[in-house]
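Per-entry structural report
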Amino acid sequence: QVQLVESGGGLVQAGGSLRLSCAASGRTFSGYTMGWFRQAPGKEREFAAAIRWGRGTTYYADSVKGRFTISRDNAKNTVYLQMNSLKPEDTAVYYCAAGGPYTVVASPNPSEYDYWGQGTQVTVSS
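First things first, this report covers the structure right here in the doc. (Residues numbered from 1 in each chain as written. Predicted model: local features only at pLDDT ≥ 70, side-chain atom pairs only at ≥ 80, totals over all residues. Heavy atoms only, no water.)

A separate point is unusual backbone geometry. A positive phi angle, close to 50°, is found at N77, a residue other than glycine. Within the secondary structure, N77 sits in the loop between β7 (68-73) and β8 (78-83). Phi is positive for S85, close to 50°, though the residue is something other than glycine. The topology assignment puts S85 in the loop between β8 and β9 (92-99). (Helix = DSSP H or I, 4+ residues; strand = E, 2+ residues; numbered from the N terminus.)

Moving on, we come to the pattern of salt bridges. Taken as a whole, this structure holds 3 salt bridges when the rule is applied. For D90, the salt bridge identified is with R38, shortest N-O distance 2.8 Å. Of this pair, D90 sits in the loop between β8 and β9 while R38 is found in strand β4 (residues 33-39), placing the two residues 52 residues apart along the sequence. The residue D90 makes a salt bridge to R67 at a minimum N-O spacing of 2.7 Å. Separated by 23 residues along the polypeptide, D90 in the loop between β8 and β9 and R67 in the loop between β6 (58-60) and β7 bring together distant segments of the chain. R67 shares its class with D90; the two are buried. What emerges from the salt-bridge pattern is a single network uniting R38, E46, R67 and D90. (Salt bridge = Lys/Arg side-chain N within 4 Å of Asp/Glu carboxyl O. Buried < 20%, exposed > 50% of the residue type's maximum accessible area, 1.4 Å probe, protein only.)

Time to look at the side chain of T78. Structurally, the position occupied by T78 is in strand β8. A relative accessible area of 9% means that T78 is categorised as buried. Looking at T78, its side chain comes within polar contact range of the main-chain oxygen of K76, at 3.0 Å. Discounting residues that sit within four places of it in the chain, T78 has contacts with S21, C22, A23, W53, S71, R72 and D73. (Polar contact = N/O pair within 3.5 Å; in protein donor to acceptor, adjacent residues only side chain to side chain. Contact = heavy atoms within 4.5 Å.)

Everything listed is a geometric property; what it means functionally is a separate question.
See below:
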């Protein structure tokens, strides 16, 4: 069974940093696309970043580009989201998602992802 487990969320002040982790298990992920999404209360789930597992090709939403970095550790089957220069508007539940072999890394559509983690809360204070 595919399982995605996020960790690393917490409370930080504006301008601070956090690194989220997504431990993936249950299938071979090489060649697939992994993504990070976030959802604030009362808002739609929005795309943050994605990575093609094998080659490491990345894509970022304009709202996080230059501040967030997505990466992966193949040996650990873990995807990371390094978040720097955090802003209060970054406050949300962050979800790790796993797509299939045809999930385009540059596509921000959550419907293209097949599996989701439980989410981890990120709160950025002023």
